[in-house]
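An overview of the molecular structure
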Amino acid sequence: MADGNGFLGGRLLVVAFEGWNDAGEAATGAVRALKDLLDVEVITEVDPELYFDYQFNRPTVSNNEDGVRVLGWPGAIMYGPKTPGAVSVPLAEDAQLRVSGTNAGNIYLLIGTEPSRSWKSFAAEILDAALAADVSGVVFLGAMLADVPHTRPISIFVSSDNAQVRAELQIERSNYEGPVGILSVLSDAAETVGIPTLSIWASVPHYVHNAPSPKAMLALIDKLEEVIDVVIPRGVLVTEAAEWETGIDVLAGEDEEMAAYIAQLEQARDTVDSPEASGEAIAQEFEKYLRKRGSDGRADGRPDGRPDGPGSRPDGPRH
């Protein structure tokens, strides 16, 4: 999609945060996959003492390669290419080892944990680092819990608050109003200093919300690859996504209520995706679905009676 001009033609910062914006660890998983494949180094790292409540985001202990136990603290790290602007090797020469494409040397990464406090100061520090690196566009990755079936392709929603980006990529503007996460705060700060932004969100089935979702991660990588004009090796991710889906099939086969609910979601999704589906038909199907939920005597919110979680509203993702 890139033509060397506009949003796609410059240095792009790809962002993901653990926490509220990261259902199924799909967004952070996609950025970590990029970090492992790109030739990047640390540009800046925030001081966790300033932004994190350790009783909420606790440090973790693990063994390093030498067998020494080390503490890992919540934080946020920005990575940049060791040789900015360098053209990656052709895909045919290195298809399975690293990110390929003419734009690979223009990709910067930001990955971390959503901070507990001082969001304005946090955003200012991140944007200062982005401006110093001459970043010209920011791509935010997010994942939300939604009433979607695991057996169908993961739904991806691409939006931008920047009119020029929307016109260039022919995408929509999110109409969501309500509570937001750190991605929206960073997006607002970036637009304020003149850096255009783009958001890519994946929908993760809420009934498997406790497990990482390689299928959603793969869907984000597919869309990201298209947007930033690079070729990203998938490695074992395709196999892991298939195993994830098979595992849920097994669980559903042992739970009649879960299987019936998934069948409902499949029918609703197939109706929306069918060629003959019109706006009126989709609205009628949705009304029928809501009436059925009411007749079952289930609580408002999710069909299983749990309240709506982050990003589960039908009017778009919470950023």
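In this report, the structure presented in the accompanying data block is examined. One numbering rule holds for all chains: residues counted from 1, following each sequence as written. Only residues with pLDDT of at least 70 are given local features in this predicted model, and only at 80 or more are side-chain atom pairs given and counted; all residues enter the totals for whole chains, interfaces and linings. Excluding hydrogens and water, the side-chain figures rest on all heavy atoms present in the structure.

Runs of H or I in DSSP of at least four residues are treated as helices and runs of E of at least two as strands, each being numbered from the N terminus. Along the backbone of the protein there are nine helices and nine strands. Three exposure classes are used, based on accessible area relative to the maximum for each residue type with a 1.4 Å probe and protein chains only: buried under 20%, partly exposed in between, and exposed over 50%. Expressed as a percentage of its 319 residues, the buried residues of the protein come to 46%. Contacts in the protein between residues at least 24 apart in sequence constitute 79% of all its contacts with a sequence separation of at least 6. For the accessible areas, the method is Shrake-Rupley and the probe is 1.4 Å, while residue cover comes only from the protein chains on display. Here the protein displays about 16,000 Å² of accessible surface, and carbon together with sulfur accounts for 50% of that area. The contact criterion used throughout is that any non-hydrogen atoms of two residues lie within 4.5 Å.

This part is about the nonpolar core. Grouping buried Ala, Val, Leu, Ile, Met, Phe, Trp, Tyr and Cys residues that are joined through side-chain atoms within 4.5 Å yields what is termed a nonpolar core. Of all hydrophobic cores here, the largest spans 44 residues; its most connected members are V14, V139 and L141. Not counting residues up to four positions away in its chain, the partners in contact with V139 are F7, L13, V14, V15, L198, I200, L224 and I228. The next biggest cluster of nonpolar side chains, apart from the first, holds 28 residues, and it includes L13, V46, A76 and F122.

This part is about the environment of S203. Within the secondary structure, S203 sits in strand β9 (residues 197-205). Distance in space between the C-alpha atoms of S203 and S155 is 5.5 Å, their sequence separation being 48 residues. With near-sequence residues (within four places) excluded, S203 lies in contact with M144, A146, V148, I154 and S155.

Among the nine residues of β9, nine are classified as buried, and the element is accordingly described as predominantly covered. The alternating pattern of β9 places T197, S199, W201, S203 and P205 on one face and L198, I200, A202 and V204 on the opposite face, and all of these are buried. Should DSSP find at least two bridges between two strands, the strands are taken to pair. Strand direction decides the pairing type here: strand β7 (residues 137-146) and β9, joined by nine bridges, are parallel. The partner of A143 across the bridge, within β9, is A202. Inspection of the sheet shows strand β8 (residues 156-159) paired to β9 by four bridges, in the antiparallel sense. Looking at the pairing, V158 lines up with I200 of β9.

Taken in spatial order, the seven strands of this open sheet run β2-β5-β6-β1-β7-β9-β8, and their pairing is mixed. Sheet topology places β2 (40-45) and β8 at the edges, where each strand pairs with a single neighbour. Neighbour-to-neighbour, the strand axes of the sheet open up by a mean angle of 25 degrees, direction not taken into account. With five bridges joining them, β2 and strand β5 (residues 76-81) adopt antiparallel strand pairing. In this description, a line fitted to the C-alpha atoms serves as the axis of each element, helices being fitted only across the stretch in contact, and the angle between N-to-C directions of two axes falls anywhere from 0 to 180 degrees.

Exposure above 30% relative accessible area and no salt bridge define the residues that can form patches, which grow by joining like charges within 9 Å and nonpolar side chains of Val, Leu, Ile, Met, Phe, Trp and Tyr within 5 Å. Any carboxyl oxygen of Asp or Glu within 4 Å of a side-chain nitrogen of Lys or Arg constitutes a salt bridge here. Judged by side-chain polarity, V61, L71 and W73 come together as a nonpolar surface patch covering roughly 320 Å² of accessible area. With respect to the secondary-structure elements, L71 resides in strand β4 (residues 69-72).

Helix packing geometry: the angle between the two helix axes and the distance between the axes. Across the interface, helix α3 (residues 119-132) lies against helix α5 (residues 182-192) with an axial gap of 9 Å and an inter-helix angle of 55 degrees. By the angle between their directions, the pair α3 and α5 is classed as oblique. The chirality of how α3 crosses α5 is right-handed. For the pair α3 and α5, the contacting residues are W119, F122, A123, I126 and L127 in the first and I182, V185, L186, A189 and A190 in the second. Small angles under 35 degrees read as roughly parallel and large ones over 145 as roughly antiparallel, with 65 to 115 read as roughly perpendicular and the rest as oblique. A crossing counts as left-handed when the near helix is turned anticlockwise from the far one by less than a right angle, and as right-handed when that turn is clockwise.

Residue S118 is not a glycine yet carries a positive backbone phi of 55 degrees. The phi torsion at D134 lies on the positive side, around 60 degrees, for a residue other than glycine. With respect to the helices, strands and loops of the structure, D134 is situated in the loop between α3 and β7.

What follows concerns helix α8 (residues 256-273). Every helix has an expected span of 1.5 Å times one less than the residues it contains. Here α8 contains 18 residues, and its C-alpha end-to-end distance of 26 Å stays within 8% of the 26 Å for a straight helix at 1.5 Å per residue. Polar contacts, as used here, are pairs of N or O atoms within 3.5 Å; protein pairs need one atom able to donate a hydrogen and one able to accept it. Residues neighboring in sequence count only if both atoms are side-chain atoms. One side-chain oxygen of the residue at the start of α8 lies 3.1 Å from the amide nitrogen of E257, identifying that residue as D255.

This brings us to the packing of aromatic side chains. Between rings of Phe, Tyr and Trp, where Trp is taken as its six-membered ring, a pair exists when centres lie within 6.5 Å; planes separated by under 30 degrees are stacked, by over 60 edge-to-face, and by other angles tilted. Evaluated as defined, the whole model comprises four aromatic pairs. Ring plane angle 85 degrees and centroid distance 5.2 Å describe the contact between Y51 and F122, whose orientation is recorded as edge-to-face. With Y51 in helix α2 (residues 48-51) and F122 in helix α3, the pair connects residues that are 71 residues apart, well separated along the chain. Residues Y51 and F122 agree in their burial class; the two are buried.

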